[in-house]
Amino acid sequence: MPSYQELIARKNELDKRIEEARHTEAKEALATIKQLIDTFGFTVQQVFPWKPEEKKKAEAKYYDPESGASWSGRGKPPKWLEGKDRSLYEIKTTPSFDFNAPRDENNPFPVQ
């Protein structure tokens, strides 16, 4: 049975050989990829498809029924809201699930 130190030495040698093999094979793979790109004229977008992340628009929290304008509550308040009680213009949202409602014990997929 090899000693602990011998096993560690073997492991270090194997790690070194693994890294060398990985480096060699990665160079070969990259050369193959470059050759295929040149042969077929692939574009960067074809090789690495990417779409910019769409910015999510902030949901409106306030609504002016007179003008039809809305405001998310972010940034500088609009003119139609200046000097007024904001609570009068709040958009009331109802929860999608009433947690106080009685539970259906026969439902195999209850909302938790």
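Residues numbered from 1 in each chain as written. Predicted model: local features only at pLDDT ≥ 70, side-chain atom pairs only at ≥ 80, totals over all residues. Heavy atoms only, no water.

## Side note on the overall build of the protein chain
Line of reasoning, step 1. When helices and strands are counted, the protein chain shows 2 helices and 2 strands.
Line of reasoning, step 2. Of the regular secondary structure in the protein chain, the N- to C-terminal order runs α-α-β-β.
Line of reasoning, step 3. Its C-alpha radius of gyration of 32 Å places the protein chain more than 25% over the 13 Å reference for a compact globule of 112 residues.
Line of reasoning, step 4. Each principal axis of the C-alpha distribution contributes one length, and for the protein chain these read about 80 × 50 × 35 Å. (Helix = DSSP H or I, 4+ residues; strand = E, 2+ residues; numbered from the N terminus. Rg over C-alpha atoms; globule rule 2.2 N^0.38 Å.)

## Examining the packing of aromatic side chains
Line of reasoning, step 1. One pass over the full model with this rule turns up 3 aromatic pairs.
Line of reasoning, step 2. Relative to tryptophan 71, the ring of tyrosine 62 has its centre 5.3 Å away and its plane inclined at 25°; by these criteria the two rings are stacked. Just as tyrosine 62 is buried, tryptophan 71 falls in that class too. (Phe/Tyr/Trp six-rings, centres within 6.5 Å; stacked < 30°, edge-to-face > 60°. Buried < 20%, exposed > 50% of the residue type's maximum accessible area, 1.4 Å probe, protein only.)

## Quick word on the nonpolar core
Line of reasoning, step 1. Counting 5 residues, the largest nonpolar core is built from Tyr62, Trp71, Trp80, Leu81 and Tyr89.
Line of reasoning, step 2. In contact with tyrosine 62, other than residues within four places in its own chain, are Ala69, Ser70, Trp71, Gly73, Trp80, Leu81, Arg86, Tyr89, Glu90 and Ile91. (Core = buried A, V, L, I, M, F, W, Y, C linked by side-chain atoms within 4.5 Å. Contact = heavy atoms within 4.5 Å.)

## Things to note about the pattern of salt bridges
Line of reasoning, step 1. Scanning the entire structure with this criterion turns up 3 salt bridges.
Line of reasoning, step 2. Across the salt bridge formed by glutamate 19 and arginine 22, the nearest N and O atoms sit 4.0 Å from each other. Here arginine 22 and glutamate 19 lie together in helix H1 (residues 4-40), a separation of 3 residues that amounts to about one turn.
Line of reasoning, step 3. We classify arginine 22 as exposed; its relative accessible area is 53%. (Salt bridge = Lys/Arg side-chain N within 4 Å of Asp/Glu carboxyl O.)

## So, a nonpolar patch on the surface
Line of reasoning, step 1. Together, Leu36, Phe40, Phe42, Val44, Val47 and Phe48 make up a nonpolar patch on the protein surface, roughly 600 Å² of accessible area in all.
Line of reasoning, step 2. Listed by contribution, the elements that provide at least two residues to the nonpolar patch are H1 and helix H2 (44-47).
Line of reasoning, step 3. In this structure, valine 44 sits in helix H2. (Patch = residues over 30% accessible without salt bridge, like charges linked within 9 Å, V, L, I, M, F, W, Y side chains within 5 Å. Areas by Shrake-Rupley, 256 points an atom, 1.4 Å probe, with all protein chains shown as cover.)

## Describing the UniProt feature "domain: DNA-binding protein H-NS-like C-terminal" (unreviewed entry) in the protein chain
Line of reasoning, step 1. Feature annotation in UniProt places "domain: DNA-binding protein H-NS-like C-terminal" (unreviewed entry) on residues 60-91, given in this structure's numbering.
Line of reasoning, step 2. Helix makes up 0% of residues 60-91 and strand 12%, and the two end C-alpha atoms of the span are 8 Å apart. (UniProt positions renumbered as here; feature names shortened; annotations may be inferred.)

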